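Fold and geometry: a report
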Amino acid sequence: MTSSIQDLFTHNRAWAAQMERERPGFFTGLIKQQTPKYMWIGCSDSRVPANQITGLEPGEVFVHRNVANVVVHSDLNALSAIQYAVEMLKVEDIMVVGHYGCGGVMAALHGARIGLADNWIRHIQDVRDRHRPVLDALAPEKRADALVELNVIEQVVNVCVSTVMVDAWAKGQKVRVHGWAFGVHDGLLQDLKMTVASTDAIEPLYRAAVASVVAARR
């Protein structure tokens, strides 16, 4: 366990030295312009590190994270990151990744008050309210995982209807948006069957993905 800030510097120097011993020229390669094929939009939770989960090297995945992996059209931070990834880096796949046991989703599900972040979590409460009949029909112990998945599906839609994606697809750019969920309990990614590659595909894929969430927990 890390016991002090100074330990971070110690660990950093040990890691850098080890990388240079095992892979000479590793850092020289990182100096070059990043050319990732993937963008990861995930939760800020420290238990969900994109590179380690996917086995990708530094420079291979462009990452944006916030509480509960939310993408809203007033968030210029998220939209700017998506635009840079799509228009400048030319990523081919964008993954919106939630995780089971997400504190933000749990707070939204139960209406818990935690402070300033309540205003951000309101977006997830909107997802909860939109799918209230679905959630109420499930056993109480299944609702949190279901809301994690429904939140991912809704955020995939938000990415897809952003001006960035609408314009990219209109120009014929080949980029897909995926919805996944990560299991902190087992380390595995789950494909939520919400992979969108065109504007026309959003609605039917959305209906099927939501139905799949419900069917899996009945």
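So, how was this worked out
Residues numbered from 1 in each chain as written. Predicted model: local features only at pLDDT ≥ 70, side-chain atom pairs only at ≥ 80, totals over all residues. Heavy atoms only, no water. Salt bridge = Lys/Arg side-chain N within 4 Å of Asp/Glu carboxyl O. Buried < 20%, exposed > 50% of the residue type's maximum accessible area, 1.4 Å probe, protein only. Helix = DSSP H or I, 4+ residues; strand = E, 2+ residues; numbered from the N terminus. Contact = heavy atoms within 4.5 Å. Core = buried A, V, L, I, M, F, W, Y, C linked by side-chain atoms within 4.5 Å. Arc of directions from axis to C-beta. Axes fitted to C-alpha atoms, helices over the stretch in contact; angles between N-to-C directions. Parallel < 35°, antiparallel > 145°, perpendicular 65-115°, else oblique. Nonpolar A, V, L, I, M, F, W, Y, C, P; charged D, E, K, R; others polar. Phe/Tyr/Trp six-rings, centres within 6.5 Å; stacked < 30°, edge-to-face > 60°.

With that out of the way, let us pick up the pattern of salt bridges. This model, assessed by the stated rule, comprises 11 salt bridges. Residue Arg 47 is joined to Asp 45 by a salt bridge in which the shortest nitrogen-to-oxygen separation is 2.7 Å. By relative accessible area, which is 18% here, Asp 45 ends up buried. The salt bridge involving Glu 154 is made with Arg 130; its shortest N-O contact spans 3.3 Å. Of this pair, Glu 154 sits in helix H8 (residues 143–160) while Arg 130 sits in helix H6 (residues 118–130), placing them 24 residues apart in sequence. For Glu 154, a relative accessible area of 7% puts it in the buried group. Each of Arg 122, Asp 126, Arg 128, Asp 129 and Arg 132 takes part in one network of salt bridges that share partners.

Bringing unusual backbone geometry into the picture now. With phi around 45°, Asn 69 is a residue other than glycine that occupies positive phi space. Relative to the helices and strands, Asn 69 is located in the loop between strand S2 (61–66) and helix H4 (76–88). On the basis of relative accessibility, which here comes to 2%, the residue Asn 69 falls in the buried class. Within the chain, Lys 90 stands out as a residue other than glycine whose phi angle is a positive 60°. Of note, Lys 90 is situated in the loop between H4 and strand S3 (93–99). On the basis of relative accessibility, which here comes to 48%, the residue Lys 90 falls in the partly exposed class.

The next point concerns the side chain of Gln 173. Among the structural elements, Gln 173 can be located in the loop between helix H9 (163–170) and strand S4 (176–182). Given the relative accessible area of 16%, Gln 173 is considered buried. Apart from residues no more than four positions distant in its own chain, Gln 173 is found in contact with Val 86, Lys 90, Val 91 and Ala 168.

Let's shift gears to the nonpolar core. In this structure, Met 39, Ile 82, Ile 94 and Val 177 are the most contacted members of the largest nonpolar core, which totals 54 residues. Ranked by the residues each element gives to this core, the list is headed by H8, at 11 residues. With residues near it in sequence (within four places) discarded, Val 177 still touches Ile 94, Val 96, Val 156, Val 159, Cys 160, Met 165, Trp 169, Met 194, Thr 195 and Val 196. Counting residues in hydrophobic clusters, the runner-up holds 9 residues, among them Ala 50, Ile 53, Val 97 and Trp 180.

Take H9 next. Among all positions in H9, only Val 164, Met 165, Ala 168 and Trp 169 are buried. Along H9, the residues classed as buried sweep out an arc of 120° about the axis, all on the same side. Seen from the buried face of H9, the exposed residues on the opposite side, beyond 90 degrees, are Thr 163 and Ala 170. Here the buried face of H9 lies against H4, S3, H8 and S4.

Where H8 contacts helix H10 (residues 202–216), the two axes come as close as 10 Å, and the packing angle between them is 175°. Judged on the interaxial angle alone, H10 and H8 are roughly antiparallel. In this structure, H8 contributes Ala 146, Glu 149, Leu 150, Ile 153, Glu 154, Val 157 and Cys 160 to the contact, and H10 contributes Ile 202, Tyr 206, Ala 209, Val 210 and Val 213. Looking at the contact of H8 with H10 residue by residue, the classes come out as 10 nonpolar, no polar and 2 charged.

Enumeration according to the criterion identifies 3 aromatic pairs in this entry. Ring plane angle 35° and centroid distance 5.7 Å describe the contact between Phe 62 and Tyr 84, whose orientation is recorded as tilted. Highlighted residues: Phe 62 in strand S2 and Tyr 84 in helix H4, separated in sequence by 22 residues.

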